[in-house]
Amino acid sequence: MATQTSTIPAGGLAGARDSAEKNYLNESKGILSWLTTLDHKRIGVMYLICILGAFFLGGMSAVLLRTEHLSGTPNLMEADAYNKLFTLHGAVMIFLFIIPGIPAALGNFVLPIMLGAKDVAFPRLNLCSWYLWVIGAVCALLSLLLGGFDTGWTFYTPYSTSSPFQGVIPIVTGAFILGFSSIFTGLNFIVTIHKLRAPGMGWFKMPLFLWGLYSTALIQVLATPVLGITLLLLIVERALGVGIFDPALGGDPVLFQHFFWFYSHPAVYIMIVPAMGVISELISVFSRKHIFSYQFIAYSSIAIAAFGFIVWGHHMFTSGQSELMNTIFSLLTFSVAIPSAIKVFNWTATMYKGSIVFKTPQLYALSFLFLFGIGGLTGLFLATLSTDIHLHDTYFVVAHFHYVMFGGTVIAFLGALHYWWPKMFGKMYNENWGRVACLLIFIGFNMTFFTQFAMGSQGMPRRYFNYTEGYTTYHVVSTIGSYIMAVGFFVIAGYLYYSLIRGRKAPDNPWGGASLEWQTSSPPPVENFKKDPIVGDPYDFSNLKYDPAIGGYVRVDAQGVAS
Amino acid sequence: MEFILSFVTQSLVQSDGDFWLPPRRSTYAVEIDWMFSFILYLSAFFFALIVGLMVWFCIRYRAREGGGPQPSPSHNLKLELVWTIIPLLLVIAIFYEGFRGFMRLSVPPQNAYNINVTGQKWKWLFSYPNGYVDEALHVPVDRPVRLTMTSEDVIHSLYIPAFRLKKDVVPGRYHTVWFNATAAGEYDLFCAEFCGKDHSNMITKAVVHPPGEFEKWLEDASNFLAKMPPHEAGEKLYKVRGCAQCHSIDGKANTGPTFKGLMGHEVALKGGTTIVVDENYIRESILEPNAKVVAGFQPVMPTFKGRIKDEEITAIIEYLKTLTE
Ligand SMILES: [Cu+2]
C-alpha cells in the first residue's frame, strides 16, 4: 500500500478531515444562494432536480397510458383524456427531460471539470438557461390548467391550429422558450470547449464525452432556431388566423412538417450523441482499457451531427412529398447508420483483453449496447422506403424510437448518473441495489417495447385510444413490462436518496477514471481544483491503482508508489 | 409439378401472416415482405454478432483477482475500414431494393379502376365512378385500383395493413395510391395520422369481392333507395351526404341544429316567428336552406337543389322521424 498520502485530498482514511472541508455544496447555505448561484455545478444539480421531476411526470403519464391499454376498450379514461395524456407524455419527455437531460444536467456539472476549467465561459447565461427551462415548464403546467392539449408532441397542422383545446398556445410558447434555454446551453458549451481547455489539453486529448457534448451543442445552436420560428408561426396562425399552414386559409400543412422535422430530426441527435459520449467513458473505464480508435469515435460524433441535418424528410415518406425527395432522403438517412455502427464496433472492441468490472454504470453501458443495437438496426426498416410505408405511424415506430431514446439515451443517462453520483454528492450508493434496479429496468423495458415491434409490424397504428381485437396480448405484456420498469425506477430513487443521508463517503476516484474530474475531491470545491490537475491521456489507466483502504483509486508512479 | 408451382406462387403472393407481418393480400406486398425479412435476418445477424462478442468478452475478460487488462493495440485502421465499408455496401444495397419496391407501389398502372376517397373527422367516404358513395372501401379482386384521396378537415392517413399501403390524406390536395388485391375478404382500414378525439374509431373495412361480384355489389348498393327500408336509406344518406358534419343526432348543437327530436318540434326562426317542423319544412330546408333560417345559427348550410333526388329527401324525412320517438 502507498505510504505517502496523496496531495489531492482523498476520502476514506482522511474522511474526518475532509468532511469539514469546504465544497460547492456546503460553501454557502440557503435557497437563495442556490437560486442566484453562478456555479456550473450547482446549476447542474438544479437542472438535475428539475428534469427528474419532469421525468417523474412523463413516466407516470406513461404508466397511466399503458394501464388504459390493458384492453382495447375504455378503461380509465375517455378518448380526449387519453389523447391529452399521450401528448403530455411526449412533450414533457422530449422538451423537458431528454433534450436537457444529459447536456444541461450532467454536462453542466462535469464539462468544465473535465476541461480543467473553473466554470463555463458564460456563467450568467448558464443560470439564464436554467431559468428559461423553469419558465418553459411553467408554461407547460399552465397549458394543463387551461384545458390541456391533444396535438401530439409534433403539433402537426392543421390539427394543432384547429384543436378544440386551449392549452395549445401555452405549450407551444413553452416549447419556444425551452428552445432558447437549449440554444444558450449549446452556445456556452461551444465557447467553453474552445476557450477554456486546461493547458496541454489538445482537442484529441479531450474525453469523448466532451466530443459528444460539442457535437450536440453545434446542433442545438444551428437547429433550434428553426423550431423557434416554426412554433412562432404556429402561434400566429392559431391566434390571429393568418394562413401559413392551414389550406383553408391558403396555407400548406406539409410545410409545417418540413420545418418541424428540420429541427426535430437533428434533435434526435441532441438526445443520443451525448449518450454515446457517456458510453465511450463508461466502457473504457470499466474495462480498464484504452478506448478503441479514439479518433474514429470523435469524428463519428461530428459526422452524425452533420448528417443529422439532411435527413429530416424520412419522417415524411407517406406525407405526399415527391418520389424523388423520398428517394434522396432515404439514401441520406442510411448515411447516418455508418457512424453509429462505427461507434458500436469500437465500443465492443474496447472490451477486448480488458479487465471488465461489473459496477452499476457498466451494467448500464452494456444494456445500452444491447438496446441501442436493436434501436439502431430497426431504424433500417424505417429508412428503407418500401418497408417504411407499411411501418410508418405504427407501434413499430414507437418501439424503435423508445429503443433509441430510452434504451439509448435514458439508459446512458442512468449510467452517467451512477457514474458521477459520487463525484456530485460525495456519497456512494448501494452497489447491489444498483444492479437489481438495472436488471429490473432492462427486463421491464424489453417486455414493454419489444412487443410493440411485433404489434406495430402487424399493423397497430400509434396514438390509438381504442384498438381492434388481436392486439390485446401484446398490449397486456407491454403494460406489465412498464410496471416492472416503474418498480425499477422507484428502487433507484430509494437507494439514491438513502445514499445522500446514509451513504458511505465517496473517495475522489471510486472507479479509476483518468479524466480530470477524478483528480479533484468528491464533491469538488467551488473552484473545482485546489491544485492544477495533471493533463494526460484520458483513457490511460496504467498509473491508477486501487487502494482498498480508501475504496478508490490513487495515482501511482512507475514504481507503483502513490505520487 | 404444376401443383407445386402453383402452390409456390400462391404462397408467394399470399401469406396468412407470421409473427411479424399480417396476412399479405396485395401484389406488391410480396416484394415489401421480402425486403422486411431480408433486413430482419441481416439485423439479427449483426445483433447476434455484437451481443455475442460483448457477452464473450464479458466472460473471458472479466476482472479477476490479481489480473488486469492485457496489452493490445487501441487502434487498427484496417479493422476500421472493414467495419465502415461492409456496412456501407450493405445499406446501399438495402436502399436500392427499398427504392425499387417503393417505385412499384408509387406508380399506378394505366388501366386502374378509380375510386375517390374523402377523409373527414372521423370517417371515410368512398365515391365510386357512378356517383355512389359508401363508408367502406369495396374493390374487385385481381384488378388494379387507384384511390384519389383528399381530406375535408385535418390530415388523415389511409392505411390498409394487409395491402402494405399507407398514404396521408391531406386537405387541399389530392394524393393517389394504388393496389391490386389478391384475395377476396374483409381487411381492416385504419386512419394512421392522429386527427383528434375519435381517431382510433376512424376504422372501416376494405372489402375485396370475388371475381365478377364487385359489379353486382355496386349495382345493388347504388340502388339502396329501392332495396332498403326508407329510414335506413335515410340514415345512410345522412352519413354520406355530409349532413352529419353539421347536424348531430345526440341533441348537441353543432354548426347546425341537432336532428334529435326535430320532427314535430317547434322551431324559433330568425325574425321572431316560429314554425312546427313537418315534411314540407324539411324539404324546404334542404332545397332552399336560406328561406327560413333557424334563430341562433348562421345561414351556412349549402343548398342541395339539383343534387338530391325526391326519393332521397323522402328517405331522410323517414329517418328524421325515427329520431323523434
Ligand atoms: Cu384521421
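Please read all numbers here as calculations on a predicted model, not as lab measurements. (Residues numbered from 1 in each chain as written. Chains lettered and ligands numbered in written order. Predicted model: local features only at pLDDT ≥ 70, side-chain atom pairs only at ≥ 80, totals over all residues. Heavy atoms only, no water.)

1. Some points on the overall build of chain A
What chain A contains, in helices and strands, is 16 helices and four strands. Here chain A has a C-alpha radius of gyration of 24 Å; the compact-globule value for 563 residues is 24 Å, and the two agree. For the C-alpha atoms alone, the extent of chain A along its principal axes is close to 80 × 45 × 45 Å. Of all 563 residues assigned to chain A, the portion counted as buried reaches 67%. Taking contacts inside chain A between residues at least 6 apart in sequence as the whole, the part at least 24 apart equals 80%. For chain A, the computed accessible surface area is about 18200 Å², with 70% contributed by carbon and sulfur atoms. With 30 positive and 26 negative side-chain charges, chain A shows a spacing of 12 Å between the two charge centroids. (Helix = DSSP H or I, 4+ residues; strand = E, 2+ residues; numbered from the N terminus. Rg over C-alpha atoms; globule rule 2.2 N^0.38 Å. Buried < 20%, exposed > 50% of the residue type's maximum accessible area, 1.4 Å probe, protein only. Contact = heavy atoms within 4.5 Å. Areas by Shrake-Rupley, 256 points an atom, 1.4 Å probe, with all protein chains shown as cover. Lys, Arg positive; Asp, Glu negative; His and termini not counted. Charge placed at Lys NZ, Arg CZ, Asp CG, Glu CD.)

2. Some remarks on the interface of chain B and chain A
Across the contact, 79 residues belong to chain B and 83 residues belong to chain A. Summed over both sides, the interface of chain B with chain A buries roughly 7000 Å², with 70% coming from carbon and sulfur. If you look at where chain B meets chain A, you find one salt bridge. Between A:D252 and B:R173 there is a salt bridge whose closest N-O contact spans 2.9 Å. Taken together, the connections running from chain B to chain A amount to 24 residue pairs in polar contact (both at pLDDT 80 or more). Breaking the side of chain B that touches chain A down by element, the ones donating at least two residues are α2 (29-60), α3 (77-106), β7 (165-169) and β9 (185-191) of chain B. With 17 residues, α3(B) is the single largest residue contributor to the side of chain B that touches chain A. A class-by-class count of the residues in the side of chain B that touches chain A yields 48 nonpolar, 17 polar and 14 charged. (Buried area = accessible area lost by both parts, 1.4 Å probe. Salt bridge = Lys/Arg side-chain N within 4 Å of Asp/Glu carboxyl O. Polar contact = N/O pair within 3.5 Å; in protein donor to acceptor, adjacent residues only side chain to side chain. Nonpolar A, V, L, I, M, F, W, Y, C, P; charged D, E, K, R; others polar.)

3. Overview of the domain arrangement of chain B
Size of an interface: often given as the accessible area lost when the parts come together. Residues and elements named next belong to chain B. Domain boundaries in chain B define domain 1 (2-61 + 74-106), domain 2 (113-222) and domain 3 (227-322). Distance between the C-alpha centres of domain 1 and domain 2: 31 Å. With 16 residues of domain 1 at the interface, the matching set in domain 2 holds 12 residues. Here domain 1 packs against domain 2, burying approximately 1100 Å² in sum over the two surfaces, 53% of which is carbon and sulfur. Of all residues in domain 1, R25, T27 and Y28 give up the largest surface area on contact with domain 2, accounting jointly for 48% of the area buried on that side. (Domains from an automatic or database assignment.)

4. Thoughts on the sheet that holds strand β3 (residues 133-134) of chain B
Residue and element names in this part refer to chain B. Across the sheet, five strands lie side by side as β3-β2-β1-β5-β8; this open sheet has mixed pairing. Every other strand in the sheet has two partners, leaving β3 and β8 (175-180) as the edge strands with one partner each. In this sheet, β3 lies alongside strand β2 (residues 123-127) in antiparallel orientation, the contact comprising two bridges. The residue of β3 that forms the bridge with F126 is D134. (Pairing = 2+ DSSP bridges.)

5. Here's the deal with the environment of B:P23
All names here are of chain B. Looking at the element boundaries, P23 is found in the loop between α1 (2-13) and α2. Taking relative accessible area as the criterion, P23 reaches 31% and is therefore assigned partly exposed. Residues P23 and L49, 26 residues apart in the sequence, show an inter-C-alpha distance of 31 Å. Leaving out residues up to four positions away in the same chain, P23 has contacts with S15, D16, G17, A162 and R164.

6. Structural notes on the pattern of salt bridges
Residues and elements named next belong to chain B. Tallied over the entire structure, the rule returns 20 salt bridges over all chains. Between R104 and E31 there is a salt bridge, and its shortest N-O distance comes to 2.9 Å. With R104 in helix α3 and E31 in helix α2, this residue pair connects regions lying 73 residues apart in the sequence. Here the salt bridges do not stand alone but share partners, grouping R24, D33 and R164 into one network.

7. Quick word on helix α5 (residues 123-145) of chain A
All names here are of chain A. Given a rise of 1.5 Å per residue, 23 residues ought to cover 33 Å, and the 34 Å separating the end C-alpha atoms of α5 matches this to within 8%. The complete set of buried residues in α5 reads N126, L127, S129, W130, L132, W133, G136, A137, C139, A140 and S143. Tucked into the core, α5 has its buried residues touching α2 (31-35), α3 (40-68), α4 (79-115) and α7 (168-195). Positioned one or two residues after α5, G147 has a phi angle of 115°, which is positive. (Expected span 1.5 Å × (residues − 1).)

8. Brief notes about the coordination of the copper ion
Residue and element names in this part refer to chain B. Looking at the copper ion, the protein donor atoms are H156 (ND1), C191 (SG) and C195 (SG), and they sit 2.0 to 2.3 Å from it. Mapping the donors of the copper ion onto the primary sequence gives the spacing H-x34-C-x3-C. Pair noted here: H156 is in strand β6 (residues 156-160) and C191 is in strand β9, with a separation of 35 residues, a long-range link. For the pair H156 and C191, one class covers both residues: buried. (Donors = N, O, S within 2.8 Å, 3.2 Å for Na, K, Ca; no water.)

9. Focus: the packing of helix α9 (residues 253-287) of chain A against helix α11 (residues 323-351) of chain A
All names here are of chain A. Close contact between α9 and α11 brings their axes to 9 Å; oriented N to C, the two are set at 10°. Compared by their axis directions, α9 and α11 come out roughly parallel. In this structure, α9 contributes H258, Y269, M276, I279, S280, I283, S284 and S287 to the contact, and α11 contributes M325, V336, S340, K343, W347, T350 and M351. Here the contact of α9 with α11 is composed, by residue class, of eight nonpolar, six polar and one charged. (Axes fitted to C-alpha atoms, helices over the stretch in contact; angles between N-to-C directions. Parallel < 35°, antiparallel > 145°, perpendicular 65-115°, else oblique.)

10. Regarding the nonpolar core
Of all hydrophobic cores here, the largest spans 276 residues; its most connected members are B:L137 and B:L158. The residues contacting B:L158, other than those within four sequence positions of it, are B:V117, B:W124, B:F126, B:L147, B:M149, B:L165, B:K166, B:K167, B:V169, B:L189 and B:F190. (Core = buried A, V, L, I, M, F, W, Y, C linked by side-chain atoms within 4.5 Å.)

11. Points about the environment of A:I102
Positionally, A:I102 belongs in helix α4. Not counting the four nearest positions on each side in its chain, A:I102 is found in contact with A:G107, A:F209, A:P274, A:A275, A:V278, A:T409, A:A412 and A:F413.

12. Quick notes on the sheet that holds strand β10 (residues 204-209) of chain B
Residues and elements named next belong to chain B. Across the sheet, which stays open at both edges, the five strands sit in the order β4-β10-β9-β6-β7 with mixed pairing between neighbours. The sheet is open, and its two borders are formed by β4 (137-140) and β7, each paired with just one other strand. For this sheet the average axis-to-axis angle between neighbouring strands, irrespective of direction, equals 20°. Sheet analysis places β6 next to β7, joined by five bridges and oriented antiparallel. For S157, the partnering residue across the bridge sits in β7 and is D168.

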